[in-house]
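Secondary and tertiary structure notes
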Amino acid sequence: MHIRIKALSVHLLTATGAVLSMFAMLAAVEENWSLMFLWLVVALIVDGVDGPLARRYDVTTNWPNYDGVLMDLIVDYLTYVFIPAYALFKSGLLTGWSGWLAIIAIVYGSVIYFSDTRMKTKDKSFAGFPACWNMVVLVLFAVEPRPWIILLIVIGLTATMFTNLKFIHPVRTERWRIVSLPMSLGWVVFAGWAATVDFDPTSWALWGLVVTSLYLCLAGIAQQIVPPVRHAGS
């Protein structure tokens, strides 16, 4: 297959995220939260695959007609931010003023963060929480903490978007990738498992989600605290 066709195919793969987001939204409107999250997990898998493929086939050179970065951001806002915020509000996990405050913080803070040209660090990590609300809200559905804890988590993560706290990219952040990549794959497996069993509180998937989520959330901050090991002669 010609390299240009491969590059175009990557763009078309990225665009399928819009279709997946529509499927997720339709499930959310019906309050079928398990199905909604399954669609969002599939969208997350597509998002994890299309980036490496885009770099492999150099889509900006081989098919520059489409802006893959812009397309990715549009899809990400739907699947990472908008639909999870809707689910958090409509599910009843947060009600009244706390629900309104949470969804406004999520959608408003995230659109500003997505447009920030400083969101990536030199090591390909994220400066501030990268608005992965699809992952956060899924874990909240699984664990169902008290409303005040949910609100603190939402406000706290929103605030970190505008700090220099580092959050790893599980594929592109080279440091600790030997751990980060399996943890990310594990999170996807546990997320799909939890949604499949309708977030059964007795399922081991919940513990897997908690462990992998804590790692993905704190690994970048830990890297800022723990200096990298320098080998002799380097």
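To be clear, the structure that these remarks concern was listed above.
First, a word on scope: everything that follows refers to the structure included in this document. What you are looking at is a predicted structure, and each value in this text was computed from that prediction instead of being measured.

To find leftover empty space, one rolls a probe the size of a water molecule over the atoms. Under the defined criterion, the tally for this structure stands at two cavities of 30 Å³ or more. T14, G17, A43, L44, V46, D47, D50, D72, V75, D76, T79 and Y80 are the residues that line the largest cavity. The set of elements that each furnish at least two residues to the lining of the largest cavity consists of α1 (3-29), α2 (33-56) and α4 (68-90). Tallied by class, residues from the lining of the largest cavity come to five nonpolar, three polar and four charged.

Here we take up the environment of R56. Note that R56 resides in helix α2. Expressed as a C-alpha distance, the spacing of R56 and E31, which sit 25 residues apart in the sequence, is 39 Å.

Another aspect to go through is the state of the cysteines. Per the stated rule, a full pass over the model turns up zero disulfides. With no disulfide of its own, C132 lies closest to C217 among cysteine sulfurs, the gap being 9.7 Å. A relative accessible area of 14% means that C132 is categorised as buried.

Rules used in this analysis
Residues numbered from 1 in each chain as written. Predicted model: local features only at pLDDT ≥ 70, side-chain atom pairs only at ≥ 80, totals over all residues. Heavy atoms only, no water. 1 Å grid on protein atoms, 1.4 Å probe; cavity = no way out; pocket = protein on both sides within 12 Å on 5 of 7 lines; lining within 4 Å. Points joined across faces, edges and corners; volume = space filled by probe spheres on them. Helix = DSSP H or I, 4+ residues; strand = E, 2+ residues; numbered from the N terminus. Nonpolar A, V, L, I, M, F, W, Y, C, P; charged D, E, K, R; others polar. Disulfide = S-S within 2.5 Å. Buried < 20%, exposed > 50% of the residue type's maximum accessible area, 1.4 Å probe, protein only.

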